[in-house]
Amino acid sequence: MSEGQNEARLLAEFRSKFQVEELLIAQTKAWSWSVRPAQPTLGAGILSLNRHAECFAQVRGDEMAELGELIGFVEKSLRAAFAYDIVNYLMLMMVDHQVHFHVIPRYAAARRFAGLDWADNGWPSLPALAERQHADQPGITGAICQALQAANQG
């Protein structure tokens, strides 16, 4: 397998694992913002580079400029949809060696969405990333995706 084929395979595996296409909120040429399949807090997402790169140093200047623009959109959407208190951007890449950030909105108090109570069980310390709030509710990540997409429609 060529290096290009291997990189394409790794990127496809990452995008499949995080259901990027299915839970896509917004996309630029370089970046995708999607709902995180596991929700440690309401509206948690993934900001991922649209090409394979194993380390942050491989991100080009034009891609960094796009990231800055997309982050403004992310924060505006999250504020309009869920009124977060602060957002944490975590670039861990311990398991998935693909440039991406976990976008974790943080809440000092519980929120209510889709008839469910959502807590930030790590507040005010580190986010509880292993939590999968309301994972037993079919379609909840799709509803979060729709709410974030709608946040900028009006």
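Up top you'll find the structure we're talking about.
Here's what I pulled together on the structure shown here. (Residues numbered from 1 in each chain as written. Predicted model: local features only at pLDDT ≥ 70, side-chain atom pairs only at ≥ 80, totals over all residues. Heavy atoms only, no water.)

So, the sheet that holds strand β5 (residues 100–106)
Which entries qualify depends on this criterion: Only strands joined by at least two bridges in the DSSP assignment are considered to pair. Secondary structure elements follow DSSP: runs of H or I of four or more residues count as helices, runs of E of two or more count as strands, with numbering from the N terminus. Fitted lines through C-alpha atoms serve as axes, helices being fitted only where they are in contact, and the angles separating the N-to-C directions of these axes extend from 0 to 180 degrees. The contact definition used throughout considers only heavy atoms, calling two residues in contact when any of these lie within 4.5 Å.
Pairing is antiparallel across the open sheet formed by 5 strands, whose spatial order is β1-β2-β3-β5-β4. Each edge of the open sheet is held by one strand with a lone partner, namely β1 (24–27) and β4 (86–90). The sheet shows a mean angle of 20° between the axes of neighbouring strands, direction not considered. With 5 bridges joining them, β4 and β5 adopt antiparallel strand pairing. Bridge pairing links Asn88 to Ile104 in β5. Packing of helix α1 (residues 3–17) onto the sheet brings it into contact with β1, β2 (31–35), β3 (45–49) and β5, and relative to β3 it is tilted by some 165°.

Overview of the side chain of Thr141
Among the secondary structure elements, Thr141 is positioned in helix α3 (residues 140–150). Dropping the residues within four chain positions of it, Thr141 is found in contact with Leu23, Val35, Arg36, Pro37 and Gln39.

As for the environment of Ala108
Put simply, the rule is: Only protein chains enter the accessibility calculation, which uses a 1.4 Å probe; a residue whose area is less than 20% of its type maximum is buried, one above 50% is exposed, and one in between is partly exposed.
Relative to the assigned elements, Ala108 resides in the loop between β5 and β6 (111–113). Of the residues examined, Ala108 reaches a relative accessible area of 49% and is grouped as partly exposed. Spatially, the C-alpha atoms of Ala108 and Ile46 are 22 Å apart, while their sequence positions differ by 62 residues. Beyond its immediate stretch of four places on either side in the chain, Ala108 contacts Asp85 and Trp123.

Some remarks on the packing of aromatic side chains
Stated precisely, the cut-off is as follows: Aromatic pairs are defined between Phe, Tyr and Trp rings, using the six-membered ring for Trp, whenever the two ring centres lie within 6.5 Å; interplanar angles under 30 degrees are classed as stacked, those over 60 as edge-to-face, and all others as tilted. We call a charge positioned above a ring when the Lys NZ or Arg CZ atom is no farther than 6 Å from the ring centre and deviates by at most 35 degrees from the ring normal.
The tally for this structure, following the rule as stated, stands at 5 aromatic pairs. Centre to centre, the rings of Trp33 and Phe73 are 6.2 Å apart; their planes meet at 85°, and the pair counts as edge-to-face. Here Phe73 lies in helix α2 (residues 61–82) and Trp33 lies in strand β2, a separation of 40 residues in the sequence. Plain terms: the ring middles of Phe82 and Phe113 are 5.2 Å apart, the flat faces sit at 85° to each other, and that makes the pair edge-to-face. Taken as a pair, Phe82 in helix α2 and Phe113 in strand β6 lie far apart in primary sequence, 31 residues in all. When its relative accessible area of 5% is taken as the criterion, Phe82 is described as buried. What makes Phe113 buried here is its relative accessible area of 16%. Linked through ring pairs, Trp31, Phe56 and Phe101 together constitute an aromatic cluster. In this arrangement the basic side chain of Arg79 is found over the ring face of Tyr84, its NZ or CZ atom lying 4.2 Å from the centre.

A few points about the packing of α2 against α3
Short version of the rule: Here the angle decides the label: under 35 degrees means roughly parallel, over 145 means roughly antiparallel, 65 to 115 means roughly perpendicular, and every other value means oblique. Under the grouping applied here, Gly and all other residues not named as nonpolar or charged are polar, the nonpolar ones being Ala, Val, Leu, Ile, Met, Phe, Trp, Tyr, Cys and Pro and the charged ones Asp, Glu, Lys and Arg.
As a packed pair, α2 and α3 sit with axes 8 Å apart at the nearest point and diverge in direction by 110°. In terms of orientation, α2 lies roughly perpendicular with respect to α3. Residues Ser77, Leu78, Ala81 and Phe82 of α2 form the contact with α3, whose participating residues are Ile144, Ala147 and Leu148. Among the residues making up the contact of α2 with α3, the classes are represented as 6 nonpolar, 1 polar and no charged.

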